[in-house]
Amino acid sequence: MRIISLNANGIRSAGTKGVFEWLRHQKADVVCLQETKAQEDQLTDAMFRPDGHHCFYRDATSKKGYSGVAIYAKREPDEVLTELGWDAFDNEGRYIEARFGNLSVVSLYVPSGSSGEERQQFKFEVMDWIAPIFAKWMKSGRDYVLCGDWNIVRSELDIKNWKSNQKNSGCLPEERTWLNDLVDKHGWVDSYRTLHPKGQDYTWWSNRGNARANDVGWRIDYQIVTPALGERLKRCSVYRDERFSDHAPYTVDYAD
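Cut-off values and rules
- Residues numbered from 1 in each chain as written.
- Predicted model: local features only at pLDDT ≥ 70, side-chain atom pairs only at ≥ 80, totals over all residues.
- Heavy atoms only, no water.
- Helix = DSSP H or I, 4+ residues; strand = E, 2+ residues; numbered from the N terminus.
- Rg over C-alpha atoms; globule rule 2.2 N^0.38 Å.
- Buried < 20%, exposed > 50% of the residue type's maximum accessible area, 1.4 Å probe, protein only.
- Contact = heavy atoms within 4.5 Å.
- Lys, Arg positive; Asp, Glu negative; His and termini not counted.
- Charge placed at Lys NZ, Arg CZ, Asp CG, Glu CD.
- Pairing = 2+ DSSP bridges.
- Axes fitted to C-alpha atoms, helices over the stretch in contact; angles between N-to-C directions.
- Phe/Tyr/Trp six-rings, centres within 6.5 Å; stacked < 30°, edge-to-face > 60°.
- Lys NZ or Arg CZ within 6 Å of the ring centre and 35° of its normal.
- UniProt positions renumbered as here; feature names shortened; annotations may be inferred.

When its secondary structure is counted, the protein shows 7 helices and 14 strands. Against the 2.2 N^0.38 benchmark of 18 Å for 256 residues, the protein shows a C-alpha radius of gyration of 17 Å, consistent with a compact globule. Relative to its 256 residues, the protein shows a buried fraction of 55%. Within the protein, contacts between residues at least 6 apart in sequence are counted, and of these 70% link residues at least 24 apart. In the protein, the 35 positive side-chain charges and the 38 negative ones have mean positions that sit 4 Å from each other.

What follows deals with the sheet that holds strand β2 (residues 30-34). Strand order in the open sheet formed by 6 strands is β3-β4-β2-β1-β14-β13, with mixed pairing between adjacent strands. Of all the strands in the sheet, just β3 (54-58) and β13 (233-238) have a single pairing partner and so form its edges. The sheet shows a mean angle of 15° between the axes of neighbouring strands, direction not considered. Of the strand pairs in this sheet, β3 and strand β4 (residues 69-73) are connected by 5 bridges, and their pairing is antiparallel.

If you walk through the whole model with that rule in mind, you get 19 aromatic pairs. Ring geometry for Phe-20 against Tyr-72: centres 6.3 Å apart, planes inclined by 35°, an arrangement best described as tilted. Of the two residues, Phe-20 sits in helix α2 (residues 19-24) while Tyr-72 sits in strand β4, which places them 52 residues apart along the sequence. Neither Phe-20 nor Tyr-72 differs from the other in exposure class; each is buried. With a centroid separation of 5.7 Å and an interplanar angle of 45°, the aromatic rings of Trp-22 and Phe-244 are classed as tilted. Of this pair, Trp-22 sits in helix α2 while Phe-244 sits in the loop between β13 and β14 (250-254), and the two are 222 residues apart along the sequence. The buried category is assigned to Trp-22, whose relative accessible area is 7%. Put simply, the rings of Tyr-95, Phe-134, Trp-137, Tyr-144, Trp-150, Trp-178, Trp-188 and Tyr-222 pair up and form one aromatic cluster. It is Lys-63 that lies over the ring of Tyr-66; its NZ or CZ is 4.8 Å from the centre.

This part takes up the side chain of Gln-26. In this structure, Gln-26 sits in the loop between α2 and β2. Taking relative accessible area as the criterion, Gln-26 reaches 16% and is therefore assigned buried. Gln-26 has contacts with Arg-2 and Ile-4, leaving out every residue within four places of it along the chain.

The next point concerns the UniProt feature "site: Transition state stabilizer" (unreviewed entry) in the protein. In this numbering, the UniProt entry assigns the feature "site: Transition state stabilizer" (unreviewed entry) to Asn-151. With respect to the secondary-structure elements, Asn-151 resides in the loop between β8 (143-149) and α5 (173-184). For Asn-151, a relative accessible area of 12% puts it in the buried group. The residues touching Asn-151, leaving out its near neighbours within four places in the chain, are Tyr-109, Val-110, Pro-111, Ser-112, Lys-123, Gly-170 and Ile-220.

Remark on secondary structure: sheet strands pair via backbone hydrogen bonds, oriented parallel or antiparallel. Taken in spatial order, the 6 strands of this open sheet run β5-β6-β7-β8-β12-β9, and their pairing is mixed. Strand pairing shows two members of the sheet lacking a second neighbour, β5 (79-81) and β9 (189-190), which therefore form its edges. Taken together, the 2 bridges between β9 and strand β12 (residues 221-225) define a ladder with antiparallel strand orientation. Each residue of the ladder has a partner; that of Asp-190, found in β12, is Ile-224.

The structure is reproduced here in structure tokens:
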């Protein structure tokens, strides 16, 4: 089973940069996209419905051209869910879940707090609100893959400029504690860190300066999974040869 996660930073923009041509050759079972930045009625071109895939979008309804998530699946899901029950979060188009038997694949877009204090406070509210949902999922007996842009690094290995970012959103101590507790205390498995305990592959680079060329990046895109899937991790990779977005696609292969 192969799953790819990518923050597209605008699905139409990523499309013009060749992301769909690249995906065609990846043979992914499920693709999770974040930050589509489009309404579904704007995606009438055939490339937004890749051949042989079942495509599902959850747009932001609170603000057009903002946020938005999507899932492409080779196999038709038994069920697709797009709401978690809090309008302030759901209406920004930050969650979509496809269910295949006992497997749930989620495309999740955790808010960024980098634009200012108001959004940082919303991010903290989301973290507090969604943690019990994750706990419920963990206890459900289902297998979960939580794909997405979490907008948080876990440790010094996940960010180039560790010291200078301690007071910046995405690297705040309380954010890192929250994410690390999901793994260290509540049993979720960070697929990349499990496969590469000392790895320093980043998934996002600022558009300012020459951050990408100099690999001044952050690892904020994850596939975080329940323990049974953690035991089935085979390999993972961050694809950087082409630039579809300010993020790079993150691919994980799971044993059948």
